[in-house]
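Fold and geometry: a report
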Amino acid sequence: MEALIFKIRLLILAWFHFRSHSGSISLVKHFSYKDIKKATDGFRRVVYISSKRVAYRAKFRNGHAAIVKEVRAAEDQDDTAFYREVQLLGRLHHRHIAALSGFSSGPKRFLVFEDMEKGSLKEHLSDPLKTPLNWRIRLQIAVGIAAAVEYLHFFCDPPMYHVSISSSTIMLDENFTAKLCDVSLLCSIENNIQPPKSKCSKECRDEICKHTIYQLGLLILELVTGQSSEDGGVDLVQWVQDSRLRRRSIHQMIDPDLGDSYDFRELKGLLAVAKMCVQSIHKPTIKTPQILWFLQKKLGISQGVPQ
């Protein structure tokens, strides 16, 4: 009965909280397992795989394209917890976070997000057939993702600490605006899954925040070098930690797709922030708002407040 009540509340709240980027009110839709399976071509159209989720590209019968993520929940997570997660994820509204448009419950659970016309960031950095990203777009991606993480950690109630940041989990819309596509409510420390709370414990907050900042540093290094950081980015991390960020060293590492079309002062500032991020894994004294502030200051890019 409690699960049914949450379903009803979810649909009612959707009219008030689920807004598209154009500002119109939209209703979160419930999809059947059959709908999801058919739209993803039998779960063969994989976009990315993370420790908790698998994402697929989907196209439904009405022509609606979407990104579908399977939720690999803990064994003891009941329907009520899942509906609560859907409800809160649907209330997120930020320019750099993919909007939730639907869900599917049952033995297998799925979240349906807005489609990203340009595909993943990883594709544009590694696929020679994709349009190379210019320097200005790369800067905007770094600042935009930092702003999204700040929003999740400091402007949401409860805060959403679980964020997977990588070139595979960042999608680009038709204007090359970057959007986070792997956000979760559940807080995990040493495999102990905790339900959403208005305040995460200090241990949880510190551990997850410093890991998120480290991931942001890896992302910045990938934006600069075009090299994948998804296997840990050990070489890139070692390079940026040991480097004095001199022109010759940087020139050897820069993504060839950029050529000479970048501002060296901005590049050096971006790498300084990346270095700060990867070092924070051992010294968790820096927070996301500071990272965003450093990026804006060093790059001269302003980022609007969360909407």
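Residues numbered from 1 in each chain as written. Predicted model: local features only at pLDDT ≥ 70, side-chain atom pairs only at ≥ 80, totals over all residues. Heavy atoms only, no water.

Right, let's talk about the overall build of the protein chain for a bit. A tally of helices and strands in the protein chain yields ten helices and 13 strands. When the 307 residues of the protein chain are sorted by exposure, 52% land in the buried category. Within the protein chain, contacts between residues separated by at least 24 positions form 63% of all contacts whose residues are at least 6 apart in sequence. (Helix = DSSP H or I, 4+ residues; strand = E, 2+ residues; numbered from the N terminus. Buried < 20%, exposed > 50% of the residue type's maximum accessible area, 1.4 Å probe, protein only. Contact = heavy atoms within 4.5 Å.)

Two descriptors summarise a pair of aromatic rings, namely the distance from one centre to the other and the angle between the planes of the rings. A full pass over the atoms with the stated rule returns eleven aromatic pairs. Between Tyr33 and Phe110 the ring centres are 6.2 Å apart and the planes differ by 45°, which places this aromatic pair in the tilted class. One end of the pair, Tyr33, is in helix H2 (residues 33-39); the other, Phe110, is in strand E6 (residues 109-114), with 77 residues separating them in the sequence. Judged by centre distance (6.2 Å) and plane angle (75°), the ring pair of Tyr83 and Phe103 falls under edge-to-face. Taken as a pair, Tyr83 in helix H3 (residues 79-90) and Phe103 in strand E5 (residues 100-104) lie far apart in primary sequence, 20 residues in all. Here the aromatic cluster, defined as three or more aromatic residues joined through ring pairs, consists of Tyr33, Phe43, Tyr56 and Phe110. A cation sits over an aromatic face here: Arg247 above Phe264, 3.9 Å from the ring centre. (Phe/Tyr/Trp six-rings, centres within 6.5 Å; stacked < 30°, edge-to-face > 60°. Lys NZ or Arg CZ within 6 Å of the ring centre and 35° of its normal.)

Of all hydrophobic cores here, the largest spans 78 residues; its most connected members are Leu152 and Leu180. No other element matches helix H5 (residues 135-154), which puts 13 residues into this core. Residues within four places of Leu180 in sequence aside, it is in contact with His96, Ile97, Ala98, Ile145, Ala148, Val149, Leu152, Val163, Ser164, Ile165, Thr169 and Ile170. (Core = buried A, V, L, I, M, F, W, Y, C linked by side-chain atoms within 4.5 Å.)

Let us now look at helix H9 (residues 264-279). The first and last C-alpha atoms of H9 sit 22 Å apart over 16 residues, in line with the 22 Å expected at 1.5 Å per residue. All of the buried residues along H9 are Phe264, Glu266, Leu267, Gly269, Leu270, Leu271, Val273, Ala274, Cys277 and Val278. In this structure Asp263 caps H9, since a side-chain oxygen of it lies 2.9 Å from the backbone nitrogen of Arg265. (Expected span 1.5 Å × (residues − 1). Polar contact = N/O pair within 3.5 Å; in protein donor to acceptor, adjacent residues only side chain to side chain.)

Below, the discussion takes up the side chain of Lys179. Along the polypeptide, Lys179 turns up in strand E10 (residues 178-180). One buried charged residue, Lys179, forms no salt bridge at all, with the nearest opposite charge on Glu114 at 4.1 Å. From its side chain, Lys179 meets the backbone oxygen of Arg95 in a polar contact 2.9 Å long. (Lys, Arg positive; Asp, Glu negative; His and termini not counted. Salt bridge = Lys/Arg side-chain N within 4 Å of Asp/Glu carboxyl O.)

Strand order in the open sheet formed by six strands is E1-E5-E6-E4-E3-E2, with mixed pairing between adjacent strands. With one partner strand each, in any of the chains shown, strand E1 (29-30) and strand E2 (46-49) form the two edges of the open sheet. Pairing geometry for E5 and E6, over four bridges, is antiparallel. Bridge pairing in E6 places Phe103 opposite Leu111. Here H3 sits on the sheet and contacts strand E3 (53-59), strand E4 (65-71), E5 and E6; the angle it forms with E5, its principal contact strand, is near 170°. (Pairing = 2+ DSSP bridges. Axes fitted to C-alpha atoms, helices over the stretch in contact; angles between N-to-C directions.)

Turning our attention to the environment of His153. On the secondary structure map, His153 appears in helix H5. Measuring from C-alpha to C-alpha, the distance between His153 and Lys287 comes to 9.8 Å, with 134 residues separating the pair along the chain.

What follows is about the sheet that holds E10. Paired through backbone hydrogen bonds, the strands of a sheet run either parallel or antiparallel to each other. In space, the three strands of this open sheet follow the order E7-E9-E10, with antiparallel pairing throughout. The open sheet has two edge strands, strand E7 (119-120) and E10, and neither has a second partner.

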